[in-house]
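Each chain, letter by letter, is given below.
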Amino acid sequence: MRIASHPSSSSSSSGWSHFWSSARRSKRLATPAEKAYRDSTELGLSRRLGVIDLILLGIGASIGAGIFVVTGTVARDAGPGVTISFMLAGASCVINALCYAELASRFPAVVGGAYLYTYTAFNELTAFLVFAQLMLDYHIGAASIARSLASYLINILELFPVFKDNIPNWIGHGESIGDVLSINILAPILLILLTLVLCLGVHESSIMNCIMTVTKVIIVIIVIFAGAFEVDVSNWSPFAPNGLQSILTGATVVFFAYVGFDAVANSAEEAKRPQRDLPIGIIGSLLVCIALYIGVCLVITGMVPYNLLGEDAPLAEAFTSKGLKFVSVLISIGAVAGLTTTLLVGLYVQSRLYLGLARDGLLPSIFAKVHSTRHTPIHSQIWVGLVASVLGGLMDVRVLSHILSVGTLTGYSVVSACVVVLRWKDKTSSQVSSSAEREGVICLIAVALCGFATGLLYRYDASFIFLILTIVIAVGASVALIFRQVYADAPGFSCPGVPILPNICIFFNMFLFAQLHEEAWVRFVVLCIVMIGVYAIYGQHHANPSAEDNLYIEAPVEEDP
């Protein structure tokens with residue numbers, strides 16, 4: 001006698017099967033005919049950004065008020081060796097930038113950045129989770145920057161006697177109410193103004209970013225040259241007063257001063273010649289940032305002994321102590337310009353990410369609408385500005401700062417893995433067997449776990465033997481990737497040293513992940529669980545990876561004009 005299966009059990013099995021099959025979906029590449037059709041439509045964004053615009057976009061996203069603060073605060077621990085900290089962090093970011101540059105060159109047709117690459121190389125659910133982690137970083141970061149910008153503007157106003165001590169805290173500095181709430185009126189106003197600029201069009205916002213970025217770069221250069229005449233080389237000795245460990249710890253801190261070059265990758269659909277210009281914009285902006293940071297580090301540690309540097313505004317205080325108050329004023333102006341461009345580019349990137357997901361059906365279609373004349377995703381831009389305004393106007397973002405940077409490190413690690421995967425995973429001909437693919441992914445996961453484990457062991461001063469063991473396992477996984485996989489040449493710009501350089505990226509990024517506050521780890525897990533639920537309820541039923549109007553285009557090798 002046959003026993004009938006229980007209806008609820010069958011339904012549950014069917015639901016799980018649908019979820020699993022949806023989660024494993026990935027984007028296929030478009031055919032030449034589909035690419036031609038997309039290029040002929042007017043549904044996309046407007047291609048108005050040249051290579052200079054892209055370089056300034058990357059600099060604008062990276063160089064903020066931090067260059068006037070972070071350099072000094074880290075120097076208090078690392079001494080003049082902070083210069084080496086910035087060099088190490090810069091070298092790591094260069095490798096990350098090379099990975100971004102290859103993928104930006106390979107998929108120059110649409111927005112999406114890390115989310116786009118993950119959807120193509122891995123699967124739908126992983127891409128959705130990467131988006132969620134990045135977006136939370138962006139939302140909190142925008143609110144934090146807006147409040148800092150508001151505070152700097154109030155400080156400048158208070159230089160005038162009429163405003164001195166006459167501006168209430170709730171206008172710009174923030175009026176705390178309890179442990180979480182903090183009222184700030186000026187921050188939302190600034191966010192609304194910048195959102196309006198971005199809604200006008202990428203050309204208008206690019207002009208504003210270029211003006212502000214050039215202004216702050218000129219100010220930084222003036223600061224470097226003015227400070228160079230006040231340097232006392234005896235202040236550079238001892239160069240590393242607290243040893244190598246303080247320099248390495250400093251590198252993990254200043255790593256986040258470089259992040260922002262991914263903004264260039266997210267402007268793919270608005271670049272005039274994306275396959276050529278995106279890699280130049282990504283790497284060029286990063287190299288400029290490295291040079292500026294190193295110059296500021298050498299100046300500030302040469303002007304004042306490292307142990308006498310101030311905590312809140314070390315660079316400004318250093319020039320004031322030398323009688324150069326006009327430079328301190330310039331630093332304040334540069335900080336305002338830096339925060340403005342960082343905030344502008346951050347809001348820009350967020351709206352383009354929402355646009356990419358909405359096109360794929362993972363978010364409501366309203367976020368995918370592009371204005372017919374402005375060629376900007378106005379609905380996405382307004383939503384991003386609204387969220388940042390609420391957070392910036394009501395929340396004490398310093399409480400939320402402990403959970404920042406998780407998305408950035410996660411996104412960078414996944415992008416590095418995408419470079420490796422896409423070299424041996426040809427989606428158009430399926431030449432890679434599923435077993436070889438699984439083996440490769442397991443090796444990449446092993447490298448990431450070893451990086452995290454090494455970071456934990458280093459953080460809690462574990463035995464040197466355990467550190468060596470985790471590094472050896474990571475090297476073994478990398479060797480397996482070298483000899484067990486076959487790698488094709490990348491179209492367009494090619495990241496050198498694949499898979500070694502991407503593996504170094506993954507390992508170091510996860511090493512930094514382990515240095516974050518424990519609350520950040522909890523945020524990572526909780527957000528993943530919540531977003532898996534959102535995907536199960538909404539995303540899996542609305543995503544349409546086969547839609548012809550949102551296919552990901554892989555660029556051929558670009559011919560000379």
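This report concerns the structure included in the present document. Not measured: the values here are computed from a predicted model.

1. Re the overall build of the chain
Here's step 1: Tallying secondary structure elements over the chain gives 21 helices and two strands in all.
Here's step 2: Every one of the 561 residues in the chain was classed for burial, and the buried ones make up 55%.
Here's step 3: For the chain, long-range pairs separated by at least 24 residues make up 84% of all intrachain contacts whose partners lie at least 6 apart in sequence.
Here's step 4: Carbon and sulfur atoms make up 67% of the accessible area of the chain, which amounts to about 23800 Å² in all.

2. Things to note about the layout of surface pockets
Here's step 1: When its volume is computed, the second largest pocket comes out at roughly 1100 Å³.
Here's step 2: Of all elements in the fold, only α7 (124–157), α17 (406–424), α18 (434–459), α20 (500–513) and α21 (518–542) reach the threshold of two or more residues within the lining of the second largest pocket.
Here's step 3: Among the elements that line the lining of the second largest pocket, the one with the most residues is α18, at nine residues.
Here's step 4: Taken together, the residues of the lining of the second largest pocket break down into 21 nonpolar, seven polar and four charged.

3. A few points about the nonpolar core
Here's step 1: With 156 residues, the main nonpolar core has Tyr100, Tyr117, Tyr258, Phe319, Leu343 and Leu347 as its most contacted residues.
Here's step 2: With 16 residues, α7 is the single largest residue contributor to this core.
Here's step 3: Setting aside anything within four residues of it in sequence, one finds leucine 347 in contact with Ala142, Leu191, Leu194, Thr195, Leu198, Gln381, Val384 and Ala388.

4. Here we look at the packing of aromatic side chains
Here's step 1: Applying the stated criterion across every chain, the model contains 24 aromatic pairs.
Here's step 2: With a centroid separation of 5.6 Å and an interplanar angle of 80°, the aromatic rings of tyrosine 100 and tyrosine 412 are classed as edge-to-face. Of this pair, tyrosine 100 sits in helix α5 (residues 82–106) while tyrosine 412 sits in helix α17, and the two are 312 residues apart along the sequence.
Here's step 3: Relative to tyrosine 293, the ring of tyrosine 258 has its centre 5.2 Å away and its plane inclined at 75°; by these criteria the two rings are edge-to-face. Of this pair, tyrosine 258 sits in the loop between α10 (243–254) and α11 (262–265) while tyrosine 293 sits in helix α12 (residues 274–303); the two residues are 35 residues apart in sequence, bridging distant segments of the chain. The residues tyrosine 258 and tyrosine 293 share a single accessibility class, namely buried.
Here's step 4: By the ring-pair criterion, three or more aromatic residues cluster together here, those being Trp16, Phe19, Trp20, Phe128, Phe131, Tyr354, Phe367, Trp383 and Tyr535.

5. Some remarks on the environment of isoleucine 156
Here's step 1: The topology assignment puts isoleucine 156 in helix α7.
Here's step 2: When the C-alpha atoms of isoleucine 156 and valine 329 are compared, they prove to be 8.6 Å apart, with 173 residues separating the residues in sequence.

6. Describing helix α13 (residues 314–321)
For an α-helix, 3.6 residues make a turn, and residues three or four places apart therefore share a direction.
Here's step 1: Taken as a whole, α13 has its buried residues at Pro314, Leu315, Ala316, Ala318 and Phe319.
Here's step 2: Looking at the buried side of α13, the elements it contacts are α4 (66–78), α9 (202–228), α12 and α14 (325–359).

7. Topic: α4
Here's step 1: Along its 13 residues, α4 runs 17 Å from first to last C-alpha, staying within 8% of the 18 Å computed at 1.5 Å per residue.
Here's step 2: Within α4 the residues assigned to the buried category are Ile67, Phe68, Thr71, Gly72, Val74, Ala75 and Ala78.
Here's step 3: Those residues of α4 that are buried lie in contact with α5, α9, α10, α12, α13 and α14.
Here's step 4: Taken from the residues just after α4, glycine 79 is the one with a positive phi, measuring 70°.

8. Looking at the packing of helix α8 (residues 186–200) against α9
Here's step 1: In contact at an axis separation of 5 Å, α8 and α9 are set at 125° when each is read in the N-to-C sense. When the axes of α8 and α9 are compared, the pair comes out oblique. Facing α8, whose interface residues are Leu194, Val197, Leu198 and Leu200, α9 presents Glu204, Ser205 and Met208.
Here's step 2: Residue composition of the contact of α8 with α9, by class: five nonpolar, one polar and one charged.

9. Let's talk about the pattern of salt bridges
Here's step 1: Counted under the stated rule, the structure contains seven salt bridges.
Here's step 2: Residue arginine 352 is joined to glutamate 270 by a salt bridge in which the shortest nitrogen-to-oxygen separation is 2.8 Å. Here the residue arginine 352 occupies a position in helix α14, and glutamate 270 occupies one in the loop between α11 and α12, the gap between them amounting to 82 residues.

10. A few points about a nonpolar patch on the surface
Here's step 1: Among the surface-exposed residues, Ile177, Val180, Leu181, Trp383, Leu386, Val390 and Leu394 lie close enough to one another that they form a single nonpolar patch of about 590 Å² accessible area.
Here's step 2: Here the element with the most residues in the nonpolar patch is helix α15 (residues 378–394); it accounts for four residues.
Here's step 3: Looking at the secondary structure, you find leucine 386 in helix α15.

11. Observations regarding empty space enclosed by the protein
Here's step 1: If you walk through the whole model with that rule in mind, you get three cavities of 30 Å³ or more.
Here's step 2: Roughly 90 Å³ of volume is contained in the largest cavity.
Here's step 3: Together, Leu49, Asp53, Leu57, Leu198, Val202, Ser205, Ser206, Asn209, Leu344, Val345 and Tyr348 line the largest cavity.
Here's step 4: Going through the elements one at a time, α3 (51–62), α9 and α14 are the ones with two or more residues in the lining of the largest cavity.
Here's step 5: Looking at the lining of the largest cavity element by element, the count peaks at four residues for α9.
Here's step 6: Classifying every residue of the lining of the largest cavity gives seven nonpolar, three polar and one charged.

12. Here we look at the side chain of serine 205
Here's step 1: Structurally, serine 205 can be placed in helix α9.
Here's step 2: Residue classification places serine 205 among the buried positions, given a relative accessible area of 5%.

13. Structural notes on the packing of α5 against α12
Here's step 1: For the pair α5 and α12, the least separation of the axes is 9 Å and the interaxial angle reads 175°. Looking at the two axes, α5 sits roughly antiparallel to α12.
Here's step 2: The class makeup of the residues in the contact of α5 with α12 is 21 nonpolar, five polar and no charged.

14. Describing unusual backbone geometry
Here's step 1: At the junction of serine 237 and proline 238, the peptide bond is cis and its omega measures out at 0° in the coordinates.
Here's step 2: Relative to the helices and strands, proline 238 resides in the loop between α9 and α10.
Here's step 3: Of note, the amide linkage connecting valine 498 to proline 499 takes the cis form, showing an omega dihedral of 10°.
Here's step 4: Note on placement: proline 499 falls in the loop between α19 (464–484) and α20.
Here's step 5: One non-glycine residue, histidine 375, lies in the positive phi region at around 55°.
Here's step 6: Counting through the fold element by element, histidine 375 comes out in the loop between α14 and α15.
Here's step 7: With a phi close to 55°, aspartate 461 is a non-glycine residue in the positive phi region.

About the cut-offs
- Residues numbered from 1 in each chain as written.
- Predicted model: local features only at pLDDT ≥ 70, side-chain atom pairs only at ≥ 80, totals over all residues.
- Heavy atoms only, no water.
- Helix = DSSP H or I, 4+ residues; strand = E, 2+ residues; numbered from the N terminus.
- Buried < 20%, exposed > 50% of the residue type's maximum accessible area, 1.4 Å probe, protein only.
- Contact = heavy atoms within 4.5 Å.
- Areas by Shrake-Rupley, 256 points an atom, 1.4 Å probe, with all protein chains shown as cover.
- 1 Å grid on protein atoms, 1.4 Å probe; cavity = no way out; pocket = protein on both sides within 12 Å on 5 of 7 lines; lining within 4 Å.
- Points joined across faces, edges and corners; volume = space filled by probe spheres on them.
- Nonpolar A, V, L, I, M, F, W, Y, C, P; charged D, E, K, R; others polar.
- Core = buried A, V, L, I, M, F, W, Y, C linked by side-chain atoms within 4.5 Å.
- Phe/Tyr/Trp six-rings, centres within 6.5 Å; stacked < 30°, edge-to-face > 60°.
- Expected span 1.5 Å × (residues − 1).
- Axes fitted to C-alpha atoms, helices over the stretch in contact; angles between N-to-C directions.
- Parallel < 35°, antiparallel > 145°, perpendicular 65-115°, else oblique.
- Salt bridge = Lys/Arg side-chain N within 4 Å of Asp/Glu carboxyl O.
- Patch = residues over 30% accessible without salt bridge, like charges linked within 9 Å, V, L, I, M, F, W, Y side chains within 5 Å.

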